[in-house]
Structures are given as structure tokens and as C-alpha cells.
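Observations on the model geometry
Listed here are the chains, written in short residue letters.
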Amino acid sequence: MRLTLGGYLFEIKRHPDGLRTALVKIDPRAPRTLIVPFPEKGDRGIYEGGKIRIQTDAGAVIEELAAPRSTYEGHERRTPWNDLQYLYFIGYAFWNYFTTPFLLASPGVSVEEVSPWEENGQHWRVLQATFDKAIDTHCAVQKFYFDRNGMLQRHDYFTDVAKGNAAHYCMDYRTFDGFVFPTRRRVVSRGEGEIAATGGPSSVLIDIESIVVTFE
């Protein structure tokens, strides 16, 4: 897929340019994300099975980390990220976002339906998912809000590595190769409960230009 990534979170983490028309390839069968270019033209970032690496387009490894999540220990909301920490965050996040709802049926994820939620006159059914600690994800317990057509409208979580409660909205659904995807995602801050700051700035914005689904 081709997408653009931005938002004030990346300004805080000292990556203000986000991603501009990047090519992102997701493997739905195993945790793997490829981002080109990253962090600059001629290089690519790869998240794979909890590990990350930056390599040239020719395949030479520039930097890598075998246990990137441990490097966030002691971080606060405004602690800057280096390129590898930035890559880990967006690598596992993209893999989570773009494999949902199939992710919720994966081994190591248990799901239960909880009380429904009403927002702006809409009634959404809510699934609460609990993730095994072996899965790279934002936090152990998350909520997913679906409309009457089964389309994901909102996703709530605490970002363990970025230190913030978030409400993640999915909008502007389009069909690509028979699969339906939201082409615009907006993440805003959230209090301890479920009230989201929808009138405030977006911590993360993802705009998708195109998606190609292949079967290999």
C-alpha cells in the first residue's frame, strides 16, 4: 500500500516529517512490515517477528535491534526516539492495524463482547481483546468498536512505548481487490475512560492512497 503518516506524536518524538508517500508491505500470515523508503531514500525499514533492521535497497544491513521494546524502558511521553525506535513503533502498529480484524482471531488473542457504545448518534458493538505478551502490540487489553455493518469505527488502547491513552478512528472505507479498508485513520487523545478529545489535534494521521492485495 501507499500511505502518508503524520501527527504531533512524531513531532514530540523528533520525527516531524513522518512518512511521505511511503510504500508499506504487510505480511498477514506472520508479523512482518516493510517500509520503503525508511528513514531516507535508498534505505528501507523492516519489522519482523519483534526484531527490526534498517538496510539499503541492495540488502546491506545498516542498523538492527533484536529486542527493541526493551529500549523504551524509562521513557516518558516527550522522550525522543531514534530511527530504530521509531521504526519499531510504526512497524508493529501498521501490522496490527492492517491485519485487523483477522488479528483478533490469531493464537494468543482472546476476545469478549462488552457493553455497547453510543457516539454521535451511532450505536457500536464493542469487543475487548486481551493480547498475549509475546505479541507486539500497543498494550495488553484493547477495545474495538464496530458499526452495524461490521466495519471498525474506533480502536482504544494505551501506547506502552509512546505513553498515551488513544482513541483511533477509522474512516472513508474503500474496496481494494475485494477487501474493504479504511483509507483515513485519525488518532486522538483519550482520558482514563472512553471520552475522546475528538475536537483536538491528531497525535497520528494515516492517509492511504492505494492498496494492492496479493496471494502468494
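Check the entry above for the structure.
Residues numbered from 1 in each chain as written. Predicted model: local features only at pLDDT ≥ 70, side-chain atom pairs only at ≥ 80, totals over all residues. Heavy atoms only, no water.

For the rest of this paragraph, the subject is a nonpolar patch on the surface. Residues F102, F179 and F215 make up a contiguous nonpolar surface patch of roughly 390 Å² in combined accessible area. Its place among the elements puts F215 in the segment after β13 (204-210). For F215, a relative accessible area of 70% corresponds to the exposed category. (Patch = residues over 30% accessible without salt bridge, like charges linked within 9 Å, V, L, I, M, F, W, Y side chains within 5 Å. Areas by Shrake-Rupley, 256 points an atom, 1.4 Å probe, with all protein chains shown as cover. Salt bridge = Lys/Arg side-chain N within 4 Å of Asp/Glu carboxyl O. Helix = DSSP H or I, 4+ residues; strand = E, 2+ residues; numbered from the N terminus. Buried < 20%, exposed > 50% of the residue type's maximum accessible area, 1.4 Å probe, protein only.)

A general tendency of soluble globular proteins is for nonpolar side chains to be buried together. Ranked by internal contacts, the top residues of the largest apolar core, which has 50 residues, are L3, L5, L19, F89, I90 and F94. If one sorts the elements of this core by residue count, helix α2 (residues 83-99) sits on top with twelve residues. If near-sequence neighbours (up to four positions away) are discounted, F89 is found in contact with L9, F10, Y72, W81, H138, T159, V161 and A162. Counting eight residues, the second largest nonpolar core, distinct from the first, contains W124, V126, V188 and A196. (Core = buried A, V, L, I, M, F, W, Y, C linked by side-chain atoms within 4.5 Å. Contact = heavy atoms within 4.5 Å.)

Before going further, it helps to spend a moment on the state of the cysteines. A complete count under the given rule lists zero disulfides for this structure. Residue C139 stays outside any disulfide, its sulfur separated by 15 Å from that of C170, the closest cysteine. (Disulfide = S-S within 2.5 Å.)

The full count for this structure, using the stated rule, is eleven salt bridges. Its salt-bridge partner being R53, residue E48 comes within 3.2 Å of it at the nearest N-O pair. In this structure E48 comes out as partly exposed when scored by relative accessible area, which is 33%. Residue class for R53 comes out partly exposed when judged on its relative accessible area of 23%. We note a salt bridge from R190 to D156, for which the minimum N-O separation is 3.8 Å. Here R190, found in the loop between β12 (179-189) and β13, pairs with D156, found in strand β10 (residues 152-159); they are 34 residues apart in sequence, far enough to count as distant. No difference in accessibility class separates R190 from D156, as the two residues are buried. Salt bridges here are not isolated pairs; linked through shared partners, they connect E119, R154, D156 and R190.

Take the environment of F158 next. Tracing the chain through its elements places F158 in strand β10. You can call F158 partly exposed: its relative accessible area is 31%. For the pair formed by F158 and T137, sequence separation is 21 residues and the distance between their alpha carbons is 10.0 Å. In contact with F158, not counting residues within four places along its chain, are H138, C139, K163, G164, N165 and R190.

Attention now moves to the packing of aromatic side chains. Enumeration over the complete set of coordinates arrives at 14 aromatic pairs. Look at F38 and Y86: their rings are 5.5 Å apart centre to centre, the planes differ by 50°, and that puts the pair in the tilted class. Of this pair, F38 sits in the loop between β3 (32-36) and β4 (43-48) while Y86 sits in helix α2, placing them 48 residues apart in sequence. For the pair shown, F38 and Y86 are each scored as buried. Between the aromatic rings of Y47 and Y88, the centroid separation amounts to 6.2 Å while the plane-to-plane angle is 65°, which identifies the pairing as edge-to-face. Of this pair, Y47 sits in strand β4 while Y88 sits in helix α2, and the two are 41 residues apart along the sequence. Residue Y88 is classed as buried on the basis of its relative accessible area of 0%. By the ring-pair criterion, three or more aromatic residues cluster together here, those being F10, F38, Y47, Y72, W81, Y86, Y88, F89 and Y92. The ring of Y92 has R69 sitting right over it, with the charged end atom 5.5 Å from the ring centre. Directly above the aromatic system of Y145 lies the positively charged group of R154, at a separation of 4.9 Å from the ring centroid. (Phe/Tyr/Trp six-rings, centres within 6.5 Å; stacked < 30°, edge-to-face > 60°. Lys NZ or Arg CZ within 6 Å of the ring centre and 35° of its normal.)

Time to look at unusual backbone geometry. With an omega dihedral of -5°, the bond running from V36 to P37 counts as a cis peptide bond. When you line up the elements, P37 lands in the loop between β3 and β4. The step from T100 to P101 runs through a cis peptide bond, and the omega angle for that step is 15°. At R14, a position not held by glycine, the phi torsion is positive, near 65°. Checked against the element boundaries, R14 lands in the loop between α1 (8-12) and β2 (19-27). Located in the positive-phi region is D172, a residue other than glycine, with phi close to 55°. Examined against the element boundaries, D172 turns out to sit in strand β11 (residues 164-176).

Any link to function would need more than the numbers given here.
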